[in-house]
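Summary of structural features
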Amino acid sequence: MSLSFFDQFTSPCLLGIPLILLSMLFPALLLPTPNSRWITNRLSTLQLWFFHLITKQLMTPLNKNGHKWALILTSLMVLLLATNLLGLLPYTFTPTTQLSMNMALAFPLWLATLLTGLRNQPSISLGHLLPEGTPTLLIPALIMIETTSLLIRPLALGVRLTANLTAGHLLIQLISTATIALLPIMPTVSILTALILLLLTILEVAVAMIQAYVFVLLLSLYLQENI
Amino acid sequence: ERRLMDVRLGELPAWLATCDLSPQGLLGGVRKAWNSYYDKYINVKRGGPAGISMLLAGYCLLSYGWNYQHIKCHRWRKYH
């Protein structure tokens, strides 16, 4: 039984049901379906305001065709936000620390934007591979570079989310271990470490929200080029 | 038949025998329980953070229980 710092990222099973299933389903409890009343409870009002904010922010740069993506982008944003923030509670499991899950989210959506562009406007999509005003001699090299950068986008999307969240959780665990270990030996240093832990936790809350936003924003950017 | 809160401790097996333990019955029971929690603590005119906080605390406890077999091994470690 190896007990390393990476043990927090394994999904334990109870009676054959992995914890990741519970972590993915739990945000559904926190988001009530709005009923047909005009004035609902505070949670529904907050939720409605927040969804309007996200949808407006994501859909403003897109044209009419892009608005078909509103549902999937908004629900993806809410899923990532909820799972990232819930992972900061003690003993919980964050599904977005698993590279498999993030790649499963990033790759199909990126491929969908690419295929939409290639199907509906192939010359414009291919035209993105060459920026305007490049010197003629540089064109072959630049096409290769832009193709590489295009093909690496899903990898970057998935790995960015995984790496940020995993690193944050690991840092929290390391610094809290240091705080507890130092408490009997040097209490002053332990209090300083506890202060660092507090600041780090605030940073992690911010990172959780920002990473969810960046993921969805980049997808909408890739969509803008292709639709 | 009767609600769970009205059943005394000694009568619990008898009450369990009367209630519907099929999958649909259990699902209906879960839905009723969730709706009564939601209507009591969240779906109120001037709700506060209490409703959601209790849910999150329950989620933490559930995750602890799920992880217990693994956490048990950390108890007598010399270096954490």
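Since the model is a prediction, treat every value here as computed from it, not as a measurement. (Residues numbered from 1 in each chain as written. Chains lettered and ligands numbered in written order. Predicted model: local features only at pLDDT ≥ 70, side-chain atom pairs only at ≥ 80, totals over all residues. Heavy atoms only, no water.)

1. Comments concerning the overall build of chain A
Convention followed: Helix and strand assignments follow DSSP, with helices taken as H or I runs no shorter than four residues and strands as E runs no shorter than two, numbered in order from the N terminus. Each radius of gyration is computed over the set of C-alpha atoms, and the globule rule expresses the reference value as 2.2 Å times the number of residues to the power 0.38. For every residue, the accessible area (1.4 Å probe, protein chains only) is compared with the maximum for its type, and the residue is labelled buried under 20%, exposed over 50%, or partly exposed between those bounds. Two residues qualify as a contact provided that any one of their heavy atoms is within 4.5 Å of a heavy atom in the partner residue. Only the protein chains shown count as cover for residues, with accessible areas throughout obtained via the Shrake-Rupley method and a probe of 1.4 Å.
The helix and strand inventory of chain A stands at 9 helices and 2 strands. Counting helices and strands in the order they occur from the N terminus, chain A gives β-β-α-α-α-α-α-α-α-α-α. Whereas a compact globule of 227 residues would reach a radius of gyration of roughly 17 Å, chain A reaches 22 Å, over 25% beyond that. Overall, the C-alpha framework of chain A stretches about 70 × 55 × 40 Å when taken along its three principal axes. Across the 227 residues in chain A, those meeting the buried criterion constitute 37%. For chain A, the proportion of contacts with a sequence separation of at least 24, taken over those separated by at least 6, is 71%. With an accessible surface of roughly 13300 Å², chain A has 75% of that area assigned to carbon and sulfur atoms.

2. Quick notes on the nonpolar core
Condition: By nonpolar core we mean a set of buried residues, namely Ala, Val, Leu, Ile, Met, Phe, Trp, Tyr and Cys, connected to one another through side-chain atoms within 4.5 Å.
If you look at the biggest cluster of nonpolar residues, it comprises 31 residues, and the most contacted ones within it are Leu73(A), Leu76(A), Leu80(A), Leu157(A), Phe215(A), Val216(A) and Leu219(A). Those elements that provide at least two residues to this core are α3 (42-59), α4 (70-86), α5 (99-120), α8 (153-182) and α9 (187-226) of chain A. When residues no more than four places from it in sequence are discounted, the contact partners of Phe215(A) are Leu76(A), Leu80(A), Asn102(A), Leu105(A), Ala106(A), Leu157(A) and Leu161(A). Ranked by size, the runner-up nonpolar core spans 8 residues in total, among them Leu30(A), Tyr37(B), Ile42(B) and Leu55(B).

3. Notes on the UniProt feature "transmembrane region" (unreviewed entry) in chain A
Residue and element names in this part refer to chain A. This is how it is decided: UniProt positions are given in the numbering used here, feature names are shortened, and annotations may be inferred rather than shown by experiment.
Per the UniProt annotation, the sites labelled "transmembrane region" (unreviewed entry) are residues 12-31, 69-89, 138-159, 171-199 and 205-223. Annotated as 91% helix and 0% strand, the span residues 138-159 places its first and last C-alpha atoms 30 Å apart. A helix fraction of 100% and a strand fraction of 0% characterise residues 205-223, whose end C-alpha atoms lie 28 Å from each other.

4. Comments concerning α4(A)
Residue and element names in this part refer to chain A. To keep things clear, this is the line we draw: The span expected for a helix works out to 1.5 Å for each residue beyond the first.
With 17 residues, α4 ought to run about 24 Å at 1.5 Å a step, and its terminal C-alpha atoms sit 24 Å apart, in line with that. For α4, the tally of buried residues reaches 12 of 17 residues, placing the bulk of the element in the interior. Turning to α4, its buried residues are Ala70, Leu73, Thr74, Leu76, Met77, Val78, Leu80, Leu81, Ala82, Thr83, Asn84 and Leu86.

5. Some details on the interface of chain A and chain B
What counts here: The term buried area means the drop in 1.4 Å probe accessible area that two parts suffer when joined, counted for both and summed. Here, a salt bridge means any side-chain nitrogen of Lys or Arg that lies within 4 Å of a carboxyl oxygen of Asp or Glu. Nitrogen and oxygen atoms within 3.5 Å of one another constitute a polar contact, given that in protein one can donate a hydrogen and the other can accept it, and given that sequence-neighbouring residues count only through two side-chain atoms. Side-chain classes follow a simple rule in which Ala, Val, Leu, Ile, Met, Phe, Trp, Tyr, Cys and Pro form the nonpolar group, Asp, Glu, Lys and Arg form the charged group, and the remainder, Gly included, forms the polar group.
On the chain B side, the residues contacting the 26 residues of chain A number 25 residues. The junction of chain A with chain B conceals about 2400 Å² of combined surface from both sides, 70% of it contributed by carbon and sulfur atoms. Applying the counting rule to chain A against chain B returns 0 salt bridges. At the boundary of chain A with chain B, the tally comes to 5 residue pairs in polar contact (both at pLDDT 80 or more). Sorting the residues of the side of chain A that touches chain B by element identifies β1 (13-14), β2 (17-18), α1 (19-25), α2 (27-30) and α3 of chain A as the ones contributing at least two each. Among the residues forming the side of chain A that touches chain B, the class breakdown is 19 nonpolar, 5 polar and 2 charged.

6. Thoughts on unusual backbone geometry
For residues besides glycine, phi is generally negative; the peptide bonds are generally trans as well. Its identity is not glycine, yet Tyr91(A) carries a phi of approximately 65 degrees, on the positive side. Tracing the sequence through the fold places Tyr91(A) in the loop between α4 and α5.

7. Topic: the UniProt feature "transmembrane region" (unreviewed entry) in chain B
UniProt records the feature "transmembrane region" (unreviewed entry) for residues 50-68 of chain B in the present numbering. Regarding residues 50-68 of chain B, the helix share stands at 100% and the strand share at 0%, and the terminal C-alpha atoms are separated by 27 Å.

8. What to know about the packing of α4(A) against α9(A)
Residues and elements named next belong to chain A. Heads up, the rule is: In this analysis, axes come from line fits to C-alpha atoms, helices being fitted only over the stretch in contact, and the angle between any two N-to-C directions falls in the range 0 to 180 degrees. Put simply, angles under 35 degrees are roughly parallel, angles over 145 are roughly antiparallel, angles from 65 to 115 are roughly perpendicular, and the rest are oblique. In this scheme the crossing of two helices becomes right-handed for a clockwise turn of the near helix relative to the far one and left-handed for an anticlockwise turn of less than a right angle.
Viewed as axis vectors pointing N to C, α4 and α9 meet at an angle of 160 degrees, and their least axial separation amounts to 9 Å. By the angle between their directions, the pair α4 and α9 is classed as roughly antiparallel. Seen along the crossing, α4 lies across α9 with a hand that is right-handed. Contact with α4, carried on its side by Leu73, Leu76, Met77, Leu80, Leu81, Asn84 and Leu85, involves Val205, Ala208, Met209, Ala212, Tyr213, Phe215, Val216, Leu219 and Ser220 of α9 and no other residues of that element. Class assignment for the residues of the contact of α4 with α9 results in 14 nonpolar, 2 polar and no charged.

9. Thoughts on the packing of aromatic side chains
Selection rule: Between the rings of Phe, Tyr and Trp (Trp by its six-membered ring), a pair exists once the centres lie within 6.5 Å; its type follows the angle of the planes, with under 30 degrees stacked, over 60 edge-to-face, and the other angles tilted.
With the rule as written, the count across this model stands at 9 aromatic pairs over all chains. A ring pair is formed by Phe107(A) and Trp110(A), whose centres lie 5.8 Å apart and whose planes are at 45 degrees; its orientation type is tilted. In this pair, Phe107(A) and Trp110(A) both sit in helix α5, 3 residues apart, roughly one turn of the helix. What makes Phe107(A) partly exposed here is its relative accessible area of 40%. Between Tyr37(B) and Tyr41(B), the aromatic rings sit 5.1 Å apart at their centres with planes inclined by 45 degrees, giving tilted as the arrangement. Within this pair, Tyr37(B) and its partner Tyr41(B) are both found in helix α2 (residues 23-42), separated by 4 residues, close to a single helical turn. Cluster of aromatic residues (ring-pair linked, three or more members): Trp34(B), Tyr37(B), Tyr38(B) and Tyr41(B).

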